[in-house]
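Single-letter residue listing:
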Amino acid sequence: GAVVSQHPSRVICKSGTSVKIECRSLDFQATTMFWYRQFPKQSLMLMATSNEGSKATYEQGVEKDKFLINHASLTLSTLTVTSAHPEDSSFYICSVPLGGASSSTDTQYFGPGTRLTVL
Amino acid sequence: GQQLNQSPQSMFIQEGEDVSMNCTSSSIFNTWLWYKQDPGEGPVLLIALYKAGELTSNGRLTAQFGITRKDSFLNISASIPSDVGIYFCAGRRVGSGNTGKLIFGQGTTLQVKP
């Protein structure tokens, strides 16, 4: 069964509004979660690392004020796309490492993704 | 960002045929993961590899961690229509510290003709 859930699965919003996406680890606690973005027919692009109890770590070129990440608990991380614009339309996917991010045998499990469409 | 070199980019095969795809890098990796992604869904883990030379099977799927630690391949035997999808390799590079970050290949799109 699924180990990671995301909500909502798809969202359509007007330009200028903010959208919150939730990522939940269902079967285990996760001090770290990852957020990815995927454009059609492309690979996954890591946006940021969500850290429970501390600030998220953003990849180069990702605006931290645009994509707010809050790791509220050991099972929940949220990504808020602020003042969304059409170019923010994409498929957003979170992942949770099983075994710990620093484990030598860690495996990452992905959520089902959230399709964001900004009109 | 850095990506793995995954090939082929796409494959169109007949049902029943075997499939092989691979990923290579100039860097050394300590973890290789293979995922399958269906349209509109998140990637699903197929096989995880952690040791050089490791050969692991999952049903009709077999993957190997290259001896040089710079490559990995995935084989699918006797393909069936439900094998259709995009296959991604992903790896954790030696020297990436304890970030847990993965580097992804560009994906191999597989189409199977019944």
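Enquirer: What's the story with the overall build of chain A in this structure? I'm lost.
Expert: If you tally the helices and strands in chain A, you get 0 helices and 11 strands. Projected onto its principal axes, the C-alpha positions of chain A cover 40 × 30 × 25 Å. In chain A, buried positions account for 51% of the 119 residues. At a minimum sequence separation of 6, the contacts of chain A that also span at least 24 residues come to 55%. Here chain A has roughly 5800 Å² of accessible surface; of this, 51% comes from carbon and sulfur atoms.

Enquirer: Is there a simple way to explain the interface of chain B and chain A in this structure?
Expert: Where interface size is quoted, it is often the accessible area lost as the parts come together. Each partner contributes residues to the interface: chain B has 22 residues there, and chain A has 23 residues. Note on chain B versus chain A: buried area summed over both sides is about 1700 Å², and carbon and sulfur give 55% of it. A per-residue breakdown of the area chain B buries against chain A is headed by Y50, K101 and F104 of chain B, which together make up 27% of the total. At the surface where chain B touches chain A, the tally comes to 1 salt bridge. Our enumeration of links across chain B and chain A arrives at 6 residue pairs in polar contact (both at pLDDT 80 or more). Elements represented by at least two residues in the side of chain B that touches chain A include exactly strand 4 (29-37), strand 5 (44-49) and strand 9 (85-93) of chain B.

Enquirer: What is the right way to look at the state of the cysteines in this model?
Expert: Two cysteines form a disulfide when their sulfur atoms are joined by a covalent bond. According to the stated counting rule, one finds 2 disulfides over all chains in the structure shown. Linked covalently through their sulfurs, C23 of chain A and C94 of chain A form a disulfide whose S-S length is 2.0 Å. The sign of the S-S torsion, about 80 degrees, decides the handedness of the disulfide formed by C23 of chain A and C94 of chain A: right-handed. Taken as a pair, C23 of chain A in strand 3 (residues 19-25) and C94 of chain A in strand 9 (residues 90-98) lie far apart in primary sequence, 71 residues in all. One disulfide in the model links C23 of chain B with C89 of chain B; its S-S distance is 1.7 Å. Disulfide C23 of chain B-C89 of chain B: the torsion about the S-S bond is -85 degrees, which places it as left-handed. One end of the pair, C23 of chain B, is in strand 3 (residues 19-24); the other, C89 of chain B, is in strand 9, and 66 residues separate them in sequence. The closest cysteine sulfur to the non-disulfide-bonded C13 of chain A is located on C94 of chain A, 19 Å from its own sulfur.

Criteria and cut-off values
- Residues numbered from 1 in each chain as written.
- Chains lettered and ligands numbered in written order.
- Predicted model: local features only at pLDDT ≥ 70, side-chain atom pairs only at ≥ 80, totals over all residues.
- Heavy atoms only, no water.
- Helix = DSSP H or I, 4+ residues; strand = E, 2+ residues; numbered from the N terminus.
- Buried < 20%, exposed > 50% of the residue type's maximum accessible area, 1.4 Å probe, protein only.
- Contact = heavy atoms within 4.5 Å.
- Areas by Shrake-Rupley, 256 points an atom, 1.4 Å probe, with all protein chains shown as cover.
- Buried area = accessible area lost by both parts, 1.4 Å probe.
- Salt bridge = Lys/Arg side-chain N within 4 Å of Asp/Glu carboxyl O.
- Polar contact = N/O pair within 3.5 Å; in protein donor to acceptor, adjacent residues only side chain to side chain.
- Disulfide = S-S within 2.5 Å.

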